[in-house]
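# Per-entry structural report
Each chain is listed here by its residues.
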Amino acid sequence: MALKIGIVGLPNVGKSTLFNALTKSKGAMVANYPFCTIDPNVGVVEVPDPRIKALAELVKPDKLVPAVVEFVDIAGLVKGASEGEGLGNKFLSHIRECHAIAQVIRFFVDPDIIHVHGGVNPKLDMDVIHLELIMADLDTIGRRTEDAKKRARFNDKEALFQANALKKVKEALEAEKLAINVDLTDEEKEFLKPLNLLTNKPFLYIANVKDHEVATFDAAKAHETLKLGPGEIILPISAKVEEELVGFPEAEAAEFLEALGLKESGLNAVIKAAYKLLGLHTYFTAGPMEVKAWTIPIGATAPQAAGVIHTDFERGFIKAETIAYADYIACGGEVGARSTGKLRMEGKEYVVKDGDVMHFKFNV
C-alpha cells in the first residue's frame with residue numbers, strides 16, 4: 001500500500017512551501033496572499049530507509065523500488081469554507097482518499113507575512129480547520145442518513161443499524177467532536193469506512209516554526225496549547241529550512257541540519273510520524289530483478305503481506321521463506337542465511353516483523 005497524506009491548513013501558514021520542500025518540487029504556487037494554491041498539488045516521495053540500499057549492495061538487482069508516500073496539498077481553507085467561502089472546500093474531495101491528514105499550523109510570528117485572522121493563534125487556526133472538516137462530514141452524513149431512514153421504515157435491519165451508526169456520528173460532529181474520537185463498534189467502523197469522512201482519519205499536526213526554533217520546540221507545551229489527545233502527534237518543522245535543504249547534496253544537508261541541532265530532515269520526521277500514527281511498517285522482497293520495500297500494517301500476517309503484492313498471492317498462499325533483516329545482512333544474503341539456518345519457513349499464522357525479507361510460495 002502506498003501511504004497517502006493530505007496536507008491542510010489556513011492560507012499563509014507555510015503549507016505550500018512545506019509541500020514543495022517535502023516533494024522537492026515547485027508544484028504549489030507560493031505567495032503572500034490567500035488562495036495562491038488554486039489546484040490540488042500531488043507529489044510522490046521515497047520513504048527514506050537505508051535498509052533497502054544495504055540489501056541492494058548484497059543482491060545487485062536490476063532496480064531498486066523503495067516504498068513511497070504521496071502528499072496531496074489543497075487550497076488553504078478559511079472559516080466558512082463548508083458554506084462556499086474561499087476556495088478550499090471545492091478541493092476537499094481530493095483528500096478523502098488519503099490515509100491521514102497533516103494539518104500545518106503556523107507557530108512562527110512574522111509581521112511581513114499576513115495572517116488570515118490578523119494574528120498568530122495556533123489553537124484558533126486548528127479549530128477553524130476542524131470545524132470546516134466537521135461541516136463537510138455533516139453534509140456527507142446527512143445525505144446517507146436520509147437514505148438509511150427511508151429503508152429503515154420497512155424494518156430493514158441493516159438500514160436500522162446504519163441509521164443508528166450515522167446518528168451516533170452526527171451527534172458527535174454537531175458537538176464539534178471529530179469522528180475518529182467517537183466510540184464505535186468494529187461493525188460500525190467498517191460501515192463508515194466507505195464514507196471517507198475527513199474527521200475519521202488520523203491527524204498529524206505540523207507546527208511551522210522559524211529555523212532556530214525547531215530544535216528547542218516545546219512539544220509538550222504545544223500539545224497542551226492545542227488540547228490534543230494522548231495519542232495525537234505534533235511535529236515541529238521549519239518550512240523554510242526544508243526549502244533550503246532541497247538543493248543540498250546529502251553530506252551538506254547533514255551538516256546544515258547538525259548546525260541547527262537537528263538529527264533528521266522534516267521529511268523523514270513526517271514520514272516516521274505518519275507510519276507510527278497509522279501503525280505501519282516495512283518488509284522487503286529481494287531478488288536479481290529488484291529489491292522492493294512494501295508497506296503493511298503492523299500485525300499483518302504472512303498471507304496479508306503477500307496480498308499487498310497481488311491478491312492471488314494471498315488467496316493461494318502456501319508458505320513464506322523468511323529471513324530477518326539483520327540476519328540477511330550478517331549472512332551476506334540469502335545463500336548465507338539458508339546455509340546457517342537463518343532462513344525460516346513461515347505459515348499462514350506468522351505475523352510479519354519489520355524488516356523481514358520474504359519470498360512467497362503460492363498456488364495459482
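Note that the structure is a prediction, hence the values are computed from the model and not measured.

Rules and cut-offs
Residues numbered from 1 in each chain as written. Predicted model: local features only at pLDDT ≥ 70, side-chain atom pairs only at ≥ 80, totals over all residues. Heavy atoms only, no water. Core = buried A, V, L, I, M, F, W, Y, C linked by side-chain atoms within 4.5 Å. Buried < 20%, exposed > 50% of the residue type's maximum accessible area, 1.4 Å probe, protein only. Helix = DSSP H or I, 4+ residues; strand = E, 2+ residues; numbered from the N terminus. Contact = heavy atoms within 4.5 Å. Expected span 1.5 Å × (residues − 1). Phe/Tyr/Trp six-rings, centres within 6.5 Å; stacked < 30°, edge-to-face > 60°. Pairing = 2+ DSSP bridges. Axes fitted to C-alpha atoms, helices over the stretch in contact; angles between N-to-C directions.

Right, let's get into the nonpolar core. Membership of the largest hydrophobic core comes to 88 residues, with the highest contact counts inside it found for Val69, Phe71, Ile95, Val169, Leu192, Tyr205 and Ile234. Per element, the largest residue contribution to this core is nine residues, and it comes from helix α3 (residues 122–152). Those residues in contact with valine 169, other than ones at most four positions away along the chain, are Ile141, Ala179, Leu184, Leu192 and Leu197. Judged by nonpolar contacts, the second largest core, of 14 residues, contains Ala302, Ala305, Val352 and Phe360.

Backbone phi values are negative for most residues with the exception of glycine, while trans is the configuration of most peptide bonds. Positive phi, close to 55°, is recorded for lysine 60, a residue that is not glycine. For lysine 60, the location among the structural elements is in the loop between α2 (50–59) and β3 (63–65). With a relative accessible area of 62%, lysine 60 lands in the exposed category.

For helix α4 (residues 157–174), spanning 18 residues, the distance from its first C-alpha to its last is 26 Å, which sits close to the expected 26 Å at 1.5 Å a residue. Taken as a whole, α4 has its buried residues at Ala159, Gln162, Ala163, Ala165, Leu166, Val169, Ala172 and Leu173. Trailing α4 by a residue or two, glutamate 176 shows a phi angle of about 60°, which is positive.

What follows is about the environment of alanine 253. Mapped onto the elements, alanine 253 comes out in helix α8 (residues 250–259). Take alanine 253: its relative accessible area is 14%, and that puts it in the buried class. Separated by eleven residues in the primary sequence, alanine 253 and glutamate 264 place their C-alpha atoms 9.3 Å from one another. Apart from the residues lying within four places of it in its own chain, the contact partners of alanine 253 are Leu245 and Phe248.

Applying the stated criterion across every chain yields a total of nine aromatic pairs. Considering the side-chain rings of phenylalanine 248 and phenylalanine 256, the 5.2 Å spacing of their centres and the 80° angle between planes classify their relative orientation as edge-to-face. Look at phenylalanine 248 and you get partly exposed, because its relative accessible area is 29%. Judged by centre distance (5.9 Å) and plane angle (90°), the rings of tyrosine 283 and phenylalanine 360 are edge-to-face. Of this pair, tyrosine 283 sits in strand β8 (residues 280–286) while phenylalanine 360 sits in strand β12 (residues 357–362), and the two are 77 residues apart along the sequence. Judged by relative accessible area, which is 8%, phenylalanine 360 ranks as buried. Chaining the aromatic ring pairs together yields one cluster made of Tyr283, Trp294, Phe317 and Phe360.

Relative to strand β9 (residues 290–297), β3 runs parallel, the two sharing three bridges. Bridge pairing in β9 places leucine 64 opposite valine 291. Of the strand pairs in this sheet, β8 and β9 are connected by seven bridges, and their pairing is antiparallel. Within β9, the residue paired with leucine 280 across the bridge is proline 297. Counting the residues between successive antiparallel strands, the hairpin from β8 to β9 contains three residues.

Reading across from one edge, β2-β4-β1-β5-β6-β7 is the order of the six strands in this open sheet, with mixed pairing throughout. Among the strands making up the open sheet, the edge pair consists of β2 (41–46) and β7 (233–237). Sheet twist, expressed as the average angle between the axes of neighbouring strands with direction ignored, equals 25°. Contacting β1 (3–8), β2, β4 (68–73), β5 (100–106), β6 (203–208) and β7, helix α1 (residues 15–22) runs over the sheet at an angle of about 155° to β4.

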